[in-house]
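# Structural description and commentary
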Amino acid sequence: MFAKILIPTDGSRLAVTAAENAIAFARDANASVVFVCVIEPFRIFTTDSDKLAASREDYDLLSDEQAVQFLNEVELRARHQGVACHTVKLRSDEVHQAIIEAAVLHGCDLIAMGSHGRGGVAALILGSVTNKVLSHSRIPVLVYR
């Protein structure tokens, strides 16, 4: 029924658990997977341009390293189960939109993700990424709790 499944990850425990379940689902469905990690841009409020430049550089380096680590971890899990996969790292202000666009771009027919990630208080105020994906996606979304 599903041939290619997009699995977003932010490295959180729930995202990794959701990825493990989605990988097993993909294996049983004989589907391939696309893992995506969306990096939000650097944000800081300061008038000191030196502090801003150094902090942005540090953030970009660290966020890239973390995204690669998160993607490598889930890719390894998929390969151990014999599931064909590849990874995508993106930067976007709108994480939910980047997830949906990645699914469309890569020809995915399902998005499988955790019910929430690292949203914290901001997610309560603004709504979680998962809720936004559910609200805006025309591709079916499987949510793991």
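Above this text you will find the structure in question.
Now for a description of the structure that goes with this document.

Parameters at a glance
- Residues numbered from 1 in each chain as written.
- Predicted model: local features only at pLDDT ≥ 70, side-chain atom pairs only at ≥ 80, totals over all residues.
- Heavy atoms only, no water.
- Helix = DSSP H or I, 4+ residues; strand = E, 2+ residues; numbered from the N terminus.
- Buried < 20%, exposed > 50% of the residue type's maximum accessible area, 1.4 Å probe, protein only.
- Contact = heavy atoms within 4.5 Å.
- Areas by Shrake-Rupley, 256 points an atom, 1.4 Å probe, with all protein chains shown as cover.
- Salt bridge = Lys/Arg side-chain N within 4 Å of Asp/Glu carboxyl O.
- Pairing = 2+ DSSP bridges.
- Axes fitted to C-alpha atoms, helices over the stretch in contact; angles between N-to-C directions.
- Core = buried A, V, L, I, M, F, W, Y, C linked by side-chain atoms within 4.5 Å.
- Parallel < 35°, antiparallel > 145°, perpendicular 65-115°, else oblique.
- Left-handed = near helix turned anticlockwise from the far one by under 90°.
- Nonpolar A, V, L, I, M, F, W, Y, C, P; charged D, E, K, R; others polar.

### Thoughts on the overall build of the protein chain
For the protein chain, the helix and strand inventory stands at five helices and five strands. Each helix and strand of the protein chain, placed in order from N terminus to C terminus, yields the pattern β-α-β-α-β-α-β-α-α-β. Across the 145 residues of the protein chain, 39% fall into the buried class. The contacts in the protein chain between residues at least 6 apart in sequence include a share of 77% that link residues at least 24 apart. For the protein chain, the exposed area adds up to about 8500 Å²; of that, 53% sits on carbon and sulfur atoms.

### What to know about the pattern of salt bridges
Counted under the stated rule, the structure contains six salt bridges. The salt bridge partner of arginine 91 is aspartate 60, with a shortest N-O separation of 3.7 Å. Taken together, the residues span a long stretch of sequence, with arginine 91 in strand β3 (residues 85-91) and aspartate 60 in helix α2 (residues 49-80) at a distance of 31 residues. By relative accessible area, which is 40% here, arginine 91 ends up partly exposed. Relative accessible area serves as the criterion here: at 28%, aspartate 60 is assigned to the partly exposed category. Look at the salt bridges and you will find they share partners, linking Asp60, Asp64, Lys89 and Arg91 into a network.

### Details of the sheet that holds strand β1 (residues 4-8)
The strand order across the open sheet built from five strands is β3-β2-β1-β4-β5, with neighbouring strands paired in parallel fashion. Pairing within the sheet leaves two strands with one partner each, and these edge strands are β3 and β5 (141-144). Pairwise comparison of adjacent strand axes, ignoring direction, gives a mean angle of 25° for this sheet. When strand β2 (residues 32-39) meets β3, the two strands line up parallel, connected through seven bridges. By the bridge assignment for β3, valine 38 is matched with leucine 90.

### Some words on the nonpolar core
Counting 23 residues, the largest nonpolar core has Ile5, Ile7, Val33 and Phe35 as its most contacted members. Put simply, the parts of the chain that give this core at least two residues each are β1, α1 (13-29), β2, α2 and β4 (110-114). Apart from residues lying up to four places away in sequence, isoleucine 5 is in contact with Phe25, Ala26, Ala31, Ser32, Val33, Val34, Cys108, Leu110 and Ala112. One finds Ala98, Ile99, Met113 and Val133 within the second-largest nonpolar core, a separate group that totals 16 residues.

### Details of unusual backbone geometry
A positive phi angle, near 55°, is found at asparagine 30, a position not held by glycine. Note on placement: asparagine 30 falls in the loop between α1 and β2. Accessibility expressed as a relative area gives 69% for asparagine 30, which makes it exposed.

### Some details on the packing of helix α3 (residues 95-105) against helix α5 (residues 129-136)
In contact at an axis separation of 8 Å, α3 and α5 are set at 50° when each is read in the N-to-C sense. Compared by their axis directions, α3 and α5 come out oblique. Between α3 and α5 lies a crossing of right-handed hand. Contacts between α3 and α5 pair Val95, His96, Ile99 and Ile100 from the former with Val129, Lys132, Val133 and His136 from the latter. Each residue belonging to the contact of α3 with α5 can be placed in one class, and the counts come to five nonpolar, two polar and one charged.

From the geometry alone we can't say anything about function, so treat these as descriptive.
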